[in-house]
Number of protein chains: 2
Amino acid sequence: MIKRIESTQNALIKHWKKIATTRKEREKTQTFIIEGFHLVEEALKNKAQIVQLIVREGVDLPLLWDIDDIAMVEVTAAVAKEFAETESSQGVFAVCKQIETVAQKFNRVLLIDAVQDPGNIGTMIRTADAAGMDAVVLGTGCADAYNPKTLRSAQGSHFHIPILREDLISYVDTLEIPIYGTALEQAVDLNKIQAQEKFALIVGNEGSGINPQLLSKTNQNIMIPMRGGAESLNVAVATGILLYTLVKA
Amino acid sequence: MIKRIESTQNALIKHWKKIATTRKEREKTQTFIIEGFHLVEEALKNKAQIVQLIVREGVDLPLLWDIDDIAMVEVTAAVAKEFAETESSQGVFAVCKQIETVAQKFNRVLLIDAVQDPGNIGTMIRTADAAGMDAVVLGTGCADAYNPKTLRSAQGSHFHIPILREDLISYVDTLEIPIYGTALEQAVDLNKIQAQEKFALIVGNEGSGINPQLLSKTNQNIMIPMRGGAESLNVAVATGILLYTLVKA
């Protein structure tokens, strides 16, 4: 028997809407909400993390999905709109638990300092996953890893790679691996960088770069050459170039 | 004497709103509208391309801006909202002419096939500029290069690098330089790729990649290794990794 909700005033719907729209509620409840077939399929690979699966009436789930033990809720189209991120949502959602990862000895870790745009954060999580990093650590001042925009641009990588939140200035003191930063001064050209077995890479805010106090703790800074008229690269693009240079094997 | 417009019903305001919101109007008039101090400053480097400079009342322009010969219009806050892209616009705008570039013998050119997201297109134009490419060629099915989101994410690179629109399938036949594509099959690992003096790189649609007919015309395809759980990279991130590998010198 599937539970069905038809009222936008239902308490559970109000709760999901809060999770979808406010970081405060996501942090209080340690949950987040995902949308679309691809993301839900990724979440299903570890069913324990799913609180509820939500389906809009009329939407067929793939027969191959193993969802027997999962709490399922059917909602009307009007109700789905309350917590859907996109206008044209696919009508399938899941409320998931945030997985807490304890800091440990990672060999390859991406540190993100005060990146504001949720889309950039999501793209960087996806890129770190693709490059084979062990973890992503978000510092203070970063957009929320569980913002719907972050989740969408990460394309399911939240379910592949541990994501931690730490105060980066104290966190880097615990690292026993070479720490690379990105900077325009006192920096080595990207072309001179060798691949590394173990490393931490710090990337910084879209406008102001890495916090100077944090930058003073790096072992080496890298500069990506700007050959044309552009002053800088998008931070997620820069992260991709740096990670694929450092992990090249 | 600066012209001032206070009515949202003014014909010029309706015209600017159309330019801001519809590709059809931008193409018909061969113009586009930019927003914010950084973009307008970039446009001012070539004043001939500016049709009008628009300033919201109360906004001070930098004293160093050389704007003597430029048609200026002051508008009220309510009027500015009509054509502003962002809620919290900086209150400075410029209507610019689209510069037509004729296809010529480029040594390094980025070809973009059917990329849908304007933000991705803009980030790729910015990345191609930073990497020192000679031009960006947008194929059929790409988002508009002059969409406000494209302009914002390109951060002024529209004023640094020629942007062409071509049918890529016939365009590639005119090229006399090695053509690289991106693919998962019959492709060489990124790590085996050497920098090239002259090359064209084709990147494709976010979901489906490069059109097979176009892909059949490449000299070599490159595969970026996926080391973690991610199935693919964001197309702008992939473009950054590929361009910085190919132009490395």
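These numbers were taken from a predicted model, which means no experiment stands behind them. (Residues numbered from 1 in each chain as written. Chains lettered and ligands numbered in written order. Predicted model: local features only at pLDDT ≥ 70, side-chain atom pairs only at ≥ 80, totals over all residues. Heavy atoms only, no water.)

Student: Help me out: how do you make sense of the packing of aromatic side chains in this one?
Tutor: Any pair of aromatic rings gets described here by the distance separating the centres and the angle formed by the planes. Enumeration according to the criterion identifies 12 aromatic pairs over all chains in this entry. Between A:Phe83 and A:Phe93 the ring centres are 4.9 Å apart and the planes differ by 80°, which places this aromatic pair in the edge-to-face class. Of this pair, A:Phe83 sits in helix 4 (residues 77-83) while A:Phe93 sits in strand 5 (residues 92-97), placing them 10 residues apart in sequence. Like A:Phe93, A:Phe83 is buried. Centre to centre, the rings of B:Phe37 and B:Trp65 are 5.7 Å apart; their planes meet at 50°, and the pair counts as tilted. Highlighted residues: B:Phe37 in helix 3 (residues 37-44) and B:Trp65 in the loop between strand 3 (50-56) and strand 4 (72-75), separated in sequence by 28 residues. (Phe/Tyr/Trp six-rings, centres within 6.5 Å; stacked < 30°, edge-to-face > 60°. Helix = DSSP H or I, 4+ residues; strand = E, 2+ residues; numbered from the N terminus. Buried < 20%, exposed > 50% of the residue type's maximum accessible area, 1.4 Å probe, protein only.)

Student: When you look at the relation of the copies chain B and chain A in this model, what are you seeing that I'm missing?
Tutor: Least-squares fitting of chain B to chain A yields an RMSD of 0.0 Å, with the superposition described by an axial translation of 0.0 Å and a rotation of 180°. Here the copies are linked by what is in effect a two-fold axis. When the interface residues of chain B are mapped onto chain A, 100% of them again fall at the interface, so both copies present the same face. (Least-squares fit on C-alpha atoms with pLDDT ≥ 70 in both. Contact = heavy atoms within 4.5 Å.)

Student: For this particular structure, what's the right way to read the sheet that holds strand 8 (residues 163-165) of chain A?
Tutor: Think of a sheet as strands paired side by side through backbone hydrogen bonds, with each pair either parallel or antiparallel. Residues and elements named next belong to chain A. In spatial order, the strands read 8-7-6-11-9-12-10; together these seven strands make up an open sheet with parallel pairing. What marks the edges here is a single partner per strand, and that holds for strand 8 and strand 10 (188-189). As paired strands, strand 6 (residues 108-112) and strand 11 (residues 199-203) are joined by five bridges and run parallel to one another. Bridged to Arg108 within strand 11 is Phe199. Relative to strand 6, helix 5 (residues 118-130) is tilted by about 170°, and along the sheet it contacts strand 6, strand 7 (135-138), strand 8 and strand 11. (Pairing = 2+ DSSP bridges. Axes fitted to C-alpha atoms, helices over the stretch in contact; angles between N-to-C directions.)

Student: Where do I start with the side chain of A:Thr31 in this structure?
Tutor: All names here are of chain A. Its place among the elements puts Thr31 in strand 2 (residues 31-35). By relative accessible area, Thr31 is classed as buried at 10%. Looking at Thr31, its side chain comes within polar contact range of the side chain of Thr29, at 2.7 Å. Residue contacts for Thr31: discarding those within four places in its chain leaves Ile19, Arg26, Val95, Cys96, Lys97 and Gln98. (Polar contact = N/O pair within 3.5 Å; in protein donor to acceptor, adjacent residues only side chain to side chain.)

Student: I tried to follow the interface of chain B and chain A on my own but got confused; where do I start?
Tutor: The figure often quoted for interface size is the accessible area lost as the parts come together. Listed by partner, the interface residues are 32 residues for chain B and 32 residues for chain A. Ranking the residues of chain B by area buried against chain A places B:Arg126, B:Arg227 and B:Tyr244 at the top, with a combined share of 24%. Our count for the contact surface shared by chain B and chain A stands at zero salt bridges. The interface formed by chain B and chain A includes 15 residue pairs in polar contact (both at pLDDT 80 or more). (Buried area = accessible area lost by both parts, 1.4 Å probe. Salt bridge = Lys/Arg side-chain N within 4 Å of Asp/Glu carboxyl O.)

Student: Just to check I follow, could you spell out the domain arrangement of chain A for this structure?
Tutor: Residues and elements named next belong to chain A. Under the domain assignment used here, chain A contains domain 1 (3-97) and domain 2 (108-246). Distance from the C-alpha centre of domain 1 to the C-alpha centre of domain 2: 30 Å. If you look at the interface, domain 1 gives 15 residues, while domain 2 gives 14 residues. The junction of domain 1 with domain 2 conceals about 1300 Å² of combined surface from both sides, 57% of it contributed by carbon and sulfur atoms. By the criterion of area lost to domain 2, the three top residues of domain 1 are Arg23, Phe32 and Glu85, representing 39% of everything that side buries. (Domains from an automatic or database assignment.)

Student: What exactly am I supposed to notice about helix 5 (residues 118-130) of chain B here?
Tutor: Residues lying three or four places apart along an α-helix face the same way, a consequence of the helix completing one turn every 3.6 residues. Residue and element names in this part refer to chain B. Taking 1.5 Å per residue, 13 residues should reach 18 Å; helix 5 reaches 18 Å between its end C-alpha atoms and fits that length. The residue sitting at the N-terminus of helix 5 and contributing the capping side-chain oxygen is Asp117; that oxygen lies 3.1 Å from the backbone nitrogen of Gly119. Trailing helix 5 by a residue or two, Gly132 shows a phi angle of about 85°, which is positive. (Expected span 1.5 Å × (residues − 1).)

Student: Looking at this structure, how should I read helix 9 (residues 235-246) of chain B?
Tutor: Its 12 residues give helix 9 of chain B an end-to-end C-alpha distance of 16 Å, which sits within 8% of 16 Å, the value for a rise of 1.5 Å per residue. Burial in helix 9 of chain B covers these residues: B:Val235, B:Ala236, B:Val237, B:Ala238, B:Thr239, B:Gly240, B:Ile241, B:Leu242, B:Leu243, B:Tyr244, B:Thr245 and B:Leu246.

Student: Help me understand the packing of helix 5 of chain B against helix 9 of chain B, please; the structure alone is not making it clear to me.
Tutor: How two helices sit against one another is set out by the angle between their axes and by the gap between those axes. Residue and element names in this part refer to chain B. Where helix 5 meets helix 9, the closest approach of the two axes is 9 Å, and the angle between their N-to-C directions is 15°. Relative to helix 9, the element helix 5 is oriented roughly parallel. Viewed along their axes, helix 5 and helix 9 form a crossing whose handedness is right-handed. Contact with helix 5, carried on its side by Asn120, Thr123, Met124, Thr127, Ala128 and Ala130, involves Val235, Ala236, Thr239, Gly240, Leu243 and Tyr244 of helix 9 and no other residues of that element. A per-class count over the contact of helix 5 with helix 9 returns seven nonpolar, five polar and no charged. (Parallel < 35°, antiparallel > 145°, perpendicular 65-115°, else oblique. Left-handed = near helix turned anticlockwise from the far one by under 90°. Nonpolar A, V, L, I, M, F, W, Y, C, P; charged D, E, K, R; others polar.)

Student: Quick question: what am I supposed to make of unusual backbone geometry here?
Tutor: Of all residues except glycine, most have a negative phi; of all peptide bonds, most are trans. Residue and element names in this part refer to chain A. Phi is positive for Gln30, which is not a glycine, with a value near 55°. Secondary-structure assignment places Gln30 in the loop between helix 2 (23-29) and strand 2. A residue is classified by how much of its surface remains accessible, and Gln30, at 28% relative accessible area, is partly exposed.

Student: Just checking my understanding: could you explain the pairing of strand 9 (residues 179-182) of chain A for this structure?
Tutor: Along any regular strand the residues' side chains alternate between the sheet's two faces. For strand 9 of chain A and strand 11 of chain A, the ladder comprises two bridges, and the chain directions are parallel. Each residue of the ladder has a partner; that of A:Ile179, found in strand 11 of chain A, is A:Ala200.

Student: I keep staring at the sheet that holds strand 8 (residues 163-165) of chain B and nothing clicks. Help me out?
Tutor: Residue and element names in this part refer to chain B. One open sheet holds the seven strands; their spatial order is 8-7-6-11-9-12-10, and the pairing between them is parallel. Pairing within the sheet leaves two strands with one partner each, and these edge strands are strand 8 and strand 10 (188-189). Helix 5 rests against strand 6 (108-112), strand 7 (135-138), strand 8 and strand 11 (199-203) of the sheet, and its axis sits at about 170° to strand 6. Strands in contact with helix 9 are strand 6, strand 9 (179-182), strand 11 and strand 12 (220-223); relative to strand 11, the strand with the most contacts, it is inclined by about 165°.

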